[in-house]
Structure formats: C-alpha cells, structure tokens
2 protein chains.
Amino acid sequence: MNNIVNITKALADDNRVRALMILAGHELCLCQIIELLNLAPSTVSRHMSILRRAGLVESRKENRWVYYSLPKGNIPSYVTDVLEWLRTALDKDVQIKKDRKRLKEIMKVDLEIICRRQMKS
Amino acid sequence: MNNIVNITKALADDNRVRALMILAGHELCLCQIIELLNLAPSTVSRHMSILRRAGLVESRKENRWVYYSLPKGNIPSYVTDVLEWLRTALDKDVQIKKDRKRLKEIMKVDLEIICRRQMKS
DNA sequence: AATATATTTCGTTATTTGGCCAAATATAGT
DNA sequence: ACTATATTTGGCCAAATAACGAAATATATT
C-alpha cells in the first residue's frame, strides 16, 4: 500500500504530472524540465526526486547533466499501468498539448544555453 | 488535467484508498466505513466527499443513512481505468486483506447498533 | 410538534507540502 | 588546484490538508 500511495502522492501535483507527461518518448535533462515548468531549479529537482522515489522516473548522470526518463526494464506492472493510464487520460489535455509544443522549441536550443539562462535569473 | 489531478489527489491518502477498496462489490453505509477506518464521523464524511468530488464514488441517501458505492453507469473511462489499476495493485496488500476480513465482521452487525456505538465515543 | 439519530459543515489545531533562496556537492575544463 | 557550471540539500515561509469536537442539517419515530 505504501508503494501505491507513494505513487498517487507523486501524481497529486500538476507540475509533477506535467513533467512526467513531457518525458514520454525521450529522456530530458533537468534544465529542460526546469525551462518547461518555469520554476526554480531547486524546486524542479525536488519534484523529480519525488517522482524517482515513487519509481515513476529514472535518472542518469552524464557529465554535468542529469537526464530523466520514464523507467525501462524490470518495472512492477503497477508502475507501467499507472503511466499508461495517465498517458491515455491526458493525451488530449490542453495544458499537455501546449507543453509538447513548447518542448519542441526547447529541444532546439543547446543545453548549455538553456542552463546558463537559468543561472542568471 | 484538473479532472485527473483531482483523482490523484483523492487517491493520495491511505484512508481514502482503504475506503475505496472496501467498496468493491457492494455499497456500504457511512457508519460502516467509519467503523472500519476508526476515525471521527466528520473526518470520514469529509474523506468520502473528496472521493465523490473526484468521481470515484457515488452516494445515495436512504432514510437516515447514506450509502456509498463505486460509480456505475455512464462513467468516464479514466475513472474505471484508475479504479481497475488500484484494485489490481492492492489485491494482495496486507492492510487491504485485513480490512476485508474486518469488514465481514462489521457487516454482520446491524447498522443501528454500529451507528449508536459511534455516538457514544 | 418534539425527540432521537445519522450525516455534514464549521472552526480550530497540527502537520505536510510547494515554493524560493542560499549554501553544499559533484563534475569539467583551465 | 582553481573556476565555472549543473544539480541537490537545507532552511524558511505561506498555503493546503487531515484530524477533531461542536454545532447545524436532514430524516424518522413518538
């Protein structure tokens, strides 16, 4: 039950749900997620660690960057199932569609530039 | 997205999840749910109204009692799907199994007696 | 009508959560 | 080793949440 409620708690926040949805199909650097959500880096880092503790994302560190992705490999079915539920339920969602659009723009910009932009503000 | 996060927020609490799970297969009077969760009537009433606002339960009033049940009829698929996910994920859960056992005992007792017991304490 | 009963709403309190900034911790390049 | 950069952690504040008891509401029963 802890596993499950950990998951529902992780999903009980708009920004975390948006972060999850935007990870569909590719991994993203933390700074790209920061850029999308438009929150302080520390805040987004915290959100992502909540998602990770719930088993809803994986992370890998490469050089200076941390990449997040949906979990692959040997995952409990309740994780894949709830992700599938979310994906289906929010596929047509207005906010999510906006996010997907904006992500396309973000992905055109070099990581270094995105990160540096965030240091200033 | 509001619909969905409303649901995940409703599910982000142990007692509400227990209440939902115990509703599988039959409707229950509020006082029976109170008895199971062992919380103040006002607290349980509040929990149930959160579940209802999220569309995860229905209620019907009969005489002095309010009966709650899982929603039937014309329900968005994201509701049935998330309920199915929960059911599967928690089917073998220790707490849930205990609850099912205890519910059997509770259901043997007459509603009036259960309610009256709660007034005293 | 008056009383008893079951549930809900209100007001309060303690805890949790989400946000930020500043400081700490990696990691890469000089 | 030092500096710059990306992320995480700790400390703080404001807002949200879960719990309770008391009062209000709705529904029999007398």
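My aim in this report is to walk through the structure given alongside it, one point at a time. (Residues numbered from 1 in each chain as written. Chains lettered and ligands numbered in written order. Predicted model: local features only at pLDDT ≥ 70, side-chain atom pairs only at ≥ 80, totals over all residues. Heavy atoms only, no water.)

1. Here we look at the interface of chain B and chain A
Logical step 1: The interface of chain B with chain A comprises 23 residues on the first partner and 23 residues on the second.
Logical step 2: Across the interface of chain B and chain A, roughly 1800 Å² is buried in total on both sides, 76% from carbon and sulfur atoms.
Logical step 3: Scanning the region where chain B abuts chain A turns up zero salt bridges.
Logical step 4: Elements that contribute at least two residues to the side of chain B that touches chain A include exactly helix H1 (2-10), helix H2 (14-22), helix H5 (77-90) and helix H6 (94-108) of chain B. (Contact = heavy atoms within 4.5 Å. Buried area = accessible area lost by both parts, 1.4 Å probe. Salt bridge = Lys/Arg side-chain N within 4 Å of Asp/Glu carboxyl O. Helix = DSSP H or I, 4+ residues; strand = E, 2+ residues; numbered from the N terminus.)

2. Describing the packing of helix H3 (residues 30-37) of chain A against helix H4 (residues 41-53) of chain A
Residue and element names in this part refer to chain A.
Logical step 1: Interhelical geometry of H3 versus H4 gives an angle of 110° and a closest axis separation of 9 Å. As far as their axial angle goes, H4 and H3 are roughly perpendicular. In this structure, H3 meets H4 at a crossing whose hand is right-handed. Within the contact between the two elements, H3 uses Leu30, Ile33, Ile34 and Leu37 and H4 uses Pro41, Val44, Ser45 and Met48.
Logical step 2: Of the residues contributing to the contact of H3 with H4, the split by class is seven nonpolar, one polar and no charged. (Axes fitted to C-alpha atoms, helices over the stretch in contact; angles between N-to-C directions. Parallel < 35°, antiparallel > 145°, perpendicular 65-115°, else oblique. Left-handed = near helix turned anticlockwise from the far one by under 90°. Nonpolar A, V, L, I, M, F, W, Y, C, P; charged D, E, K, R; others polar.)

3. Some thoughts on the sheet that holds strand E3 (residues 65-69) of chain A
Residues and elements named next belong to chain A.
Logical step 1: Pairing within the open sheet is antiparallel, and its three strands lie in the order E1-E3-E2. Edge positions in the sheet fall to strand E1 (28-29) and strand E2 (58-62), since each of these pairs with one other strand and no more.
Logical step 2: Pairing of E2 with E3, which is carried by five bridges, proceeds in the antiparallel orientation. Considered in E3, the bridge of Ser59 is made with Tyr68. (Pairing = 2+ DSSP bridges.)

4. Digging into the protein's contact with DNA strand D
Logical step 1: Every one of the 26 residues lining DNA strand D counts as a neighbour, but A:Ser45, A:Arg46, B:Thr43, B:His47 and B:Asn63 are closest to it.
Logical step 2: Expressed as a percentage, the sugar and phosphate content of the atoms of DNA strand D within 4 Å of the protein is 76%.
Logical step 3: Residue A:Ser45 places a side-chain N or O atom 2.7 Å away from a phosphate oxygen belonging to DNA strand D.
Logical step 4: One of the side-chain N or O atoms of B:Asn15 is found 3.0 Å from a phosphate oxygen in DNA strand D.
Logical step 5: Going through the elements one at a time, H3, H4, E3 and helix H7 (111-120) of chain A together with H2 and helix H4 (41-53) of chain B are the ones with two or more residues in the surface near DNA strand D.
Logical step 6: Here the surface near DNA strand D is built from residues that sort into twelve nonpolar, seven polar and seven charged. (Near = heavy atom within 4 Å. Polar contact = N/O pair within 3.5 Å; in protein donor to acceptor, adjacent residues only side chain to side chain.)

5. Some details on a positive patch on the surface
Logical step 1: Where like charges cluster on the molecular surface, the positive patch consists of A:Lys92, A:Lys97, A:Lys101 and A:Lys104.
Logical step 2: Among the structural elements, A:Lys101 can be located in helix H6 (residues 94-108). (Patch = residues over 30% accessible without salt bridge, like charges linked within 9 Å, V, L, I, M, F, W, Y side chains within 5 Å. Areas by Shrake-Rupley, 256 points an atom, 1.4 Å probe, with all protein chains shown as cover. Lys, Arg positive; Asp, Glu negative; His and termini not counted. Charge placed at Lys NZ, Arg CZ, Asp CG, Glu CD.)

6. Some details on the pairing of strand E3 (residues 65-69) of chain B
All names here are of chain B.
Logical step 1: Taken across its five residues, E3 has four buried, putting it largely inside the fold.
Logical step 2: By the bridge criterion, two bridges tie strand E1 (residues 28-29) to E3 in an arrangement that is antiparallel. Bridge pairing links Cys29 to Tyr67 in E3.
Logical step 3: Here strand E2 (residues 58-62) folds back onto E3 in antiparallel fashion, the turn holding two residues, of which Asn63 has a positive phi close to 55°. (Buried < 20%, exposed > 50% of the residue type's maximum accessible area, 1.4 Å probe, protein only.)

Nothing here speaks to function; it is geometry throughout.
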